[in-house]
Amino acid sequence: CCCSVEEAVEAARQIGYPVLVRAAFALGGLGSGFASDEQELKALVNQAFVNSPQVIVDKSLKGWKELEYEVVRDASDNCITVCNMENFDPMGIHTGDSIVIAPSQTLTNEEYFRLRECALKVVRHLGVVGECNIQYSVDPHSQEFRIIEVNARLSRSSALASKATGYPLAYVAAKLALGSDLVSLRNSVTRVTTACFEPSLDYVVAKVPRWDLRKFSTVDQTVGSCMKSVGEVMAIGRTFEETIQKALRMVDESCSGFEAERFDQELMHRGVASTEEPVKAELQKPSPTRIWSIAKAFELGMSVEDVHELTKIDRWFLSKLHHIHCLKQSLKSMDYQELSKNKALLRETKRCGFADRQIAKELRARDAGPSTPTKLPAGDDSLGAETYAGGRVQEAHVRCLRKKLGICPVVKQIDTLAAEFPAETNYLYLTYSGTEHDVQLASELGGSSSEDDLMSHVREQHTVALGRSSAQSSARKDSQIQGSRFMVLGCGPYRIGSSVEFDWCSVSCIKTLRSLGHEAIVINCNPETVSTDFDESDRLYFEELSHETVLDIAEMEQPSGVVVSVGGQTPNNLAMGLHQNGVKILGTSVEAIDTCENRFKFSQLCDSLRIDQPEWSEFTTVEEAFHFCKRAGFPALVRPSYVLSGAAMRVVNSNEELDRFLKTAAVVSRDYPVVISKYISGAKEVELDAIGRDGELVNYAIAEHVENAGVHSGDASLLLPAQKLFVETHRRVKTMGQKLCRALKISGPFNIQFMCKKKENK
């Protein structure tokens, strides 16, 4: 530990370069970095002293494995290790920015127990009562290991360990602090055994971080000892390949899985040619897209050993990823008809986590026949290869084929003890490595009650809910027998523009459904949320929020309706596809949602309602955009459809800016129009947040931005209620909100943003 630059330089001289500099008393690796000489060291130390009065200088252990153990101890000296986790990336990348696998996959039995024994000794020596996190660095070429740090508290890994094992670390730690012991506490999953046990996992968990660095053009894109991610996802499966591919789709909805195309897009964004040189550079100096650069390396013919030499990632992980690559190459060599005759290959691809759309994309296209349907009738298992008439294979065709061949996911339960004791919780995931479901499903019992009966029951329950808390539990059990179940789609990973507010909305919805006596089924993949606590809902599916997965669960659970309006943009984008496959979307109609999300349709609606808006035009070519700007003049606002937090939305002030920016906008949403409109400078921004029921405004609130229009509402300061609005402006905002509510027949929450300038409201 050093308290001055001189002490740090002397420490580095004694230890030997390269060294790791860490600021003490800092979270997320703030102020840390690697130094290979004295000049780099001084720069890092001066930066670290800005955040902390003390710095720690360590010998660099880059290339060693990094592992964590979550340990619990009570005052009676009962001590257990709840979970051990292994970083996919070697030392040099902050744990929060690393892909993490639980349980560890590359340790020998001897190594596992040596680290476990050391963890128990350390925790007992320190006298920790509660939960403790220990991080290790392990030399892959010898028996050496080092303790990196000990957190005698709940750490950021604790939430992941709790969700991965089903062991409620925070709850147990609180009980131990109040004087309970592990033997007297119950296992909340089995409700039979004690909490003094070490969970046994018969599945694999992967955590993948989410970054939004593209929003900051001047930020260093490399990933290292200082944490930069804004969220994370957690995937569960029976094979490493299945789990990692699920996780990659969870963290980036535009990605199909472990694919080279995602890295090609990144290189295009950087303006770099897709050759071997930038791939090798990425492998050596990682950014958030390194996992996809490995796929690109395999595509370019690099071997597992080549990638290992550049990344120091364990060969076991790389060999599993290479297996995914080999399956992808097998798919590329055949067309749809050939795959329909190769059930073993299709089953293996699903067992290794391939999505239907991923399989469809890899298959060779045949010469098109008269027509190839892209949307097939829902629920008809008799459809198969005969529905494909040539051309590009669609996700719907692969879905139909695998169902015809009997290749469907099974529902498995997180039970903490690898099925040694029966589990009482409904903490679930899907896998293709299984033969039977662990829980009873509605599809096996004969379906759900009618929507009319159900909605009538909701209204009846709502009128008497306030005075019936004592009867709520039995009412919910009775309604479950009747089949009154609703599915709530969560928010997915936290990102810029979608954070804890959507989790709060989801949890409020879940609690309301249960208080009215109905069963709430939740789908989400974010371990940082309350909605993924298994005791918050009647059934929790820790799964990806994709069309394929949600549709699979809906077919098995047969809910009376799905709520998409409380989880933000991610579930909202699924509404149309689910609706087209016969899934009932509760609240505002799917057509109305599409009208709001589609910039072109919404602008047309405003014109038809005579609601004033800035001059606008839809465009599909650069020439059309230039023509509009020549007519309307700069500045102009470019806005893609179906995006959140202003993704690929920007004010442009010249033809050069417009030309440069359109390439980014096209990547975000290829299937929906981009609208360009005249940007009004110096206007005040006002927001209407409201609730509608069958097109009538039930309640509303008007907020006023402190900053003028041009600052995204997520970055703006808001005043509620508005302080400096004319009475007439307030009236017009409400009137326009009521018009839109009626036109769209909104039932549920909605938000409208207005620009107000010189008594004009747009």
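How each quantity is defined
Residues numbered from 1 in each chain as written. Predicted model: local features only at pLDDT ≥ 70, side-chain atom pairs only at ≥ 80, totals over all residues. Heavy atoms only, no water. Phe/Tyr/Trp six-rings, centres within 6.5 Å; stacked < 30°, edge-to-face > 60°. Helix = DSSP H or I, 4+ residues; strand = E, 2+ residues; numbered from the N terminus. Buried < 20%, exposed > 50% of the residue type's maximum accessible area, 1.4 Å probe, protein only. Pairing = 2+ DSSP bridges. Contact = heavy atoms within 4.5 Å. Axes fitted to C-alpha atoms, helices over the stretch in contact; angles between N-to-C directions. 1 Å grid on protein atoms, 1.4 Å probe; cavity = no way out; pocket = protein on both sides within 12 Å on 5 of 7 lines; lining within 4 Å. Points joined across faces, edges and corners; volume = space filled by probe spheres on them.

## Focus: the packing of aromatic side chains
Enumeration over the complete set of coordinates arrives at 13 aromatic pairs. Look at Y69 and Y136: their rings are 5.7 Å apart centre to centre, the planes differ by 90°, and that puts the pair in the edge-to-face class. Here Y136 lies in strand β7 (residues 130-138) and Y69 lies in strand β4 (residues 65-73), a separation of 67 residues in the sequence. Note on accessibility: Y69 and Y136 belong to one class, buried. Look at Y136 and F145: their rings are 5.7 Å apart centre to centre, the planes differ by 80°, and that puts the pair in the edge-to-face class.

## A few points about the pairing of strand β22 (residues 696-708)
Inspection of the sheet shows strand β21 (residues 684-693) paired to β22 by nine bridges, in the antiparallel sense. When the sheet's bridge partners are listed, D689 is paired in β22 with A701. What sits between β21 and β22 in their antiparallel hairpin is a turn of two residues, with D694 showing a positive phi close to 55°. Bridge analysis of β22 against strand β23 (residues 718-719) gives two bridges, and the strand direction is antiparallel. Bridging from a neighbouring strand, E704 pairs with L719 of β23.

## A few points about the side chain of T243
Mapped onto the elements, T243 comes out in helix α6 (residues 240-251). You can call T243 buried: its relative accessible area is 0%. When residues no more than four places from it in sequence are discounted, the contact partners of T243 are V204, V205, A206, A235, I236, G237 and R238.

## Remarks on the sheet that holds strand β1 (residues 19-23)
Read across the open sheet, the three strands follow the order β2-β1-β3; overall the sheet is antiparallel. Each edge of the sheet is formed by a strand with only one pairing partner; in this case those strands are β2 (33-35) and β3 (55-59). Mean inter-strand twist for the sheet, computed between neighbouring axes without regard to direction, equals 30°. Bridge count for β1 against β2 is three bridges, and the pairing is antiparallel.

## Examining helix α23 (residues 590-597)
Burial of α23 is extensive: six of the eight residues sit out of reach of the surface. All of the buried residues along α23 are V590, A592, I593, D594, T595 and E597. On its buried side, α23 packs onto α21 (569-572), α22 (575-580), α24 (599-608) and α27 (727-744).

## Quick notes on empty space enclosed by the protein
Counted by the stated rule, this structure contains seven cavities of 30 Å³ or more. The volume enclosed by the largest cavity comes to roughly 140 Å³. Where the lining of the largest cavity is concerned, the elements lending two or more residues are α6, β12 (427-431) and α20 (547-557).

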